[in-house]
Amino acid sequence: MSAELDPRLLTRAREVVSSITGFRDDAIANEAMERVVRGELARGRSSADLLGELLFPQSPLSGTLVRAALVGETYFFRQPEHFRYLSQVGVPAALRRGVLSLRGWSAGCATGEEAYSLAAALHASVPHGFPVEVVGTDLHEASLETARRATYGTWSRRESAPRLFPLYMDGVDRQVVILPVIRRITSFAQSNLLAPLPDRLGRFDFIFCRNVLTYFSVAAREAAIALLARALNPGGLLFLGAVEADRVPAGMVREGTPELQTFRLLGPGEGTAPTPVPRFVEREAPPKPLIRRPMVTPVPVRVEVTPPPPPARLHLTALERIEEGDVDGASAVLESLVRQAPDYLPGLLELALLRERSGAREAAMPLMRALRVRAERLPPDQLVDGPEALPARFYQASADAYLNLGALE
């Protein structure tokens, strides 16, 4: 079927979508592009006419193609570890800094579930009456219209995601309605993650941008993260998806464990994170006095075979080598770890991410597939041992996002 279409038309359609959204070419569904193009041709338009319109990224056809590429899903309190960290660590730290209000931004909020979840977490974590505000932005205006209606069905409240904070009340026909107090502190605006946020939206103490950048090209992802960081107040936190950052963003330091993918913007006078010191540093030892020892008969020594270190210890060794810049050493440790403990989910994820950062995406894919298969065998809330105990659903969601099985936030 696709052979019937002018190949230049589909190529240009994908180029336009990529330039507007920042998506990698393999993250743009060819079926979606064909569906839009065929629809336009069925209306009597010619391929030449469509190619001409696609010379202008702001054209109606370009907008239709972008909307077709932005099909996705989201739900309340997705990746609950972030909301718990926000409530238990992020908000108390901000209050200790003496802030007079707290502002959150859900970047790439789709139909608003994440923005309302962020608002509920902030509202429940501050003293009564403390000013809180959340802004949700998305490229797709129709999604924002859904968000503003603040009424959701069962698909938005998954059993795999706990209801951490008061958020909604029962409506009709099994729908739920966002609580008025949460609606009052949440607003929505159209914005592109590849463009600076409008000045009128201000700066934020907390930014959630999760399961969006995984679809971006490397250059687009780095540009978007830099723009997100610019919108943070000093000391503010940026929460990213599990597979969306291959290094600590400039001017920031990591908060929590690497799996959390949370970063804090350094404040005035704060230096960058100190360079890790290698675990073993050779130092010149002072000369030792010469001691004559009597001759002794060697005694046979019983050699015991040391069992391999537990997976979490090997994982920590790999993380240390990553922080030191020893990518080859970290890769060797993680490959050994995966061979010894193929069901150790944190190791599978870490090795897949390391291969992705090294540009070996094809080598990362089978690891992510293995991660997903193993994670879905476990109860979603079962904690998995690692540098930090995280539930199995965290690993399944990470694999889904990478494999494009999960959808855009």
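Throughout what follows, the structure given in this document is the object of discussion. All values derive from a computational prediction rather than experimental measurement. (Residues numbered from 1 in each chain as written. Predicted model: local features only at pLDDT ≥ 70, side-chain atom pairs only at ≥ 80, totals over all residues. Heavy atoms only, no water.)

### Re empty space enclosed by the protein
Summed over the entire model, instances satisfying the criterion amount to one cavity of 30 Å³ or more. Taken as a whole, the largest cavity spans an internal volume of roughly 40 Å³. In terms of lining, the largest cavity is formed by W105, S191, N192, L193, A195, L197, L227 and L228. Broken down by class, the residue content of the lining of the largest cavity amounts to six nonpolar, two polar and no charged. (1 Å grid on protein atoms, 1.4 Å probe; cavity = no way out; pocket = protein on both sides within 12 Å on 5 of 7 lines; lining within 4 Å. Points joined across faces, edges and corners; volume = space filled by probe spheres on them. Nonpolar A, V, L, I, M, F, W, Y, C, P; charged D, E, K, R; others polar.)

### Looking at the packing of aromatic side chains
All told, the structure shown has eleven aromatic pairs when counted by the stated rule. Taken together, a centroid distance of 5.4 Å and an interplanar angle of 85 degrees make the contact between F77 and F83 edge-to-face. By relative accessible area, F77 is classed as buried at 1%. Seen in terms of ring centroids, F83 and F208 are 5.1 Å apart; in terms of plane orientation they differ by 40 degrees. Their pairing is tilted. One end of the pair, F83, is in helix α5 (residues 80–96); the other, F208, is in strand β7 (residues 204–209), and 125 residues separate them in sequence. Just as F83 is buried, F208 falls in that class too. In this structure an aromatic cluster arises from ring pairing among F76, Y116, Y152, Y168 and F188. (Phe/Tyr/Trp six-rings, centres within 6.5 Å; stacked < 30°, edge-to-face > 60°. Buried < 20%, exposed > 50% of the residue type's maximum accessible area, 1.4 Å probe, protein only. Helix = DSSP H or I, 4+ residues; strand = E, 2+ residues; numbered from the N terminus.)

### Structural notes on the nonpolar core
Core analysis: the largest hydrophobic core is formed by 50 residues, its most contacted members being M33, W105, L193, L213, L228 and L240. For L193, the contacting residues outside a window of four places in its chain are W105, A107, G108, C209, V212, L213, F216, A224, L227 and L228. The next biggest cluster of nonpolar side chains, apart from the first, holds 38 residues, and it includes L144, L167, I185 and F208. (Core = buried A, V, L, I, M, F, W, Y, C linked by side-chain atoms within 4.5 Å. Contact = heavy atoms within 4.5 Å.)

### A look at the environment of P166
Residue position: P166 is located in the loop between β3 (151–152) and β4 (168–170). The sequence separation of P166 and L179 amounts to 13 residues, and the corresponding C-alpha distance is 8.0 Å. Sequence-distant contacts of P166, that is, excluding residues within four places in its chain, are made with A120, L179 and I182.

### Things to note about the environment of L50
Tracing the sequence through the fold places L50 in helix α3 (residues 47–53). The class of L50 is buried, set by a relative accessible area of 1%. Sequence separation between L50 and A13 is 37 residues; the distance between their C-alpha atoms is 9.3 Å. Apart from the residues lying within four places of it in its own chain, the contact partners of L50 are L9, V37, E40, L41, R45 and L61.

### Focus: unusual backbone geometry
Even without a glycine there, the phi angle at A150 is positive, about 60 degrees. Relative to the helices and strands, A150 resides in the loop between α7 (141–149) and β3. At N211, a residue that is not glycine, the phi angle is positive and equals roughly 60 degrees. For N211, a relative accessible area of 4% puts it in the buried group.

### Quick word on the packing of helix α1 (residues 7–21) against helix α4 (residues 60–69)
Viewed as axis vectors pointing N to C, α1 and α4 meet at an angle of 75 degrees, and their least axial separation amounts to 9 Å. Considering the angle they form, α1 stands roughly perpendicular to α4. Between α1 and α4, the residues in contact are A13, V16, V17, I20 and T21 and S62, L65, V66 and A69, respectively. Here the residues of the contact of α1 with α4 are counted per class, giving seven nonpolar, two polar and no charged. (Axes fitted to C-alpha atoms, helices over the stretch in contact; angles between N-to-C directions. Parallel < 35°, antiparallel > 145°, perpendicular 65-115°, else oblique.)

### Regarding the pairing of strand β1 (residues 102–107)
Taken across its six residues, β1 has six buried, putting it largely inside the fold. Because side chains alternate across β1, one face comprises the buried residues L102, G104 and S106, and the other comprises R103, W105 and A107, equally buried. Where β1 and strand β2 (residues 132–138) come together, six bridges link them in parallel fashion. Bridging across to β2, W105 finds its partner in V135. You can see the chain leave β1, run along helix α6 (residues 113–125) and come back into β2, and the turn it takes is right-handed. Across three bridges, β1 lies against β7 in parallel orientation. Directly across from W105, in β7, lies its bridge partner I207. (Pairing = 2+ DSSP bridges. Right-handed = clockwise from strand over helix to strand, strands pointing away.)

### A closer look at the sheet that holds β3
Read across the sheet, three strands follow the order β3-β5-β4 without closing on themselves; strand pairing throughout is antiparallel. Single-partner strands in this sheet number two, and they are β3 and β4. Two strands pair when backbone bridges link them, and β4 and strand β5 (residues 176–178) are joined in this way by three bridges, in the antiparallel orientation. Within the sheet, the bridge partner assigned to D170 lies in β5 and is V176.

### Focus: the packing of α1 against helix α2 (residues 30–42)
Where α1 contacts α2, the two axes come as close as 10 Å, and the packing angle between them is 115 degrees. On the basis of their axis angle, the class for α1 and α2 is roughly perpendicular. Once α1 is placed against α2, the crossing between them reads as right-handed. In contact with L9, L10, A13, R14 and V17 of α1, α2 contributes N30, M33, E34 and V37. Partitioning the contact of α1 with α2 into residue classes produces six nonpolar, one polar and two charged. (Left-handed = near helix turned anticlockwise from the far one by under 90°.)

From the geometry alone we can't say anything about function, so treat these as descriptive.
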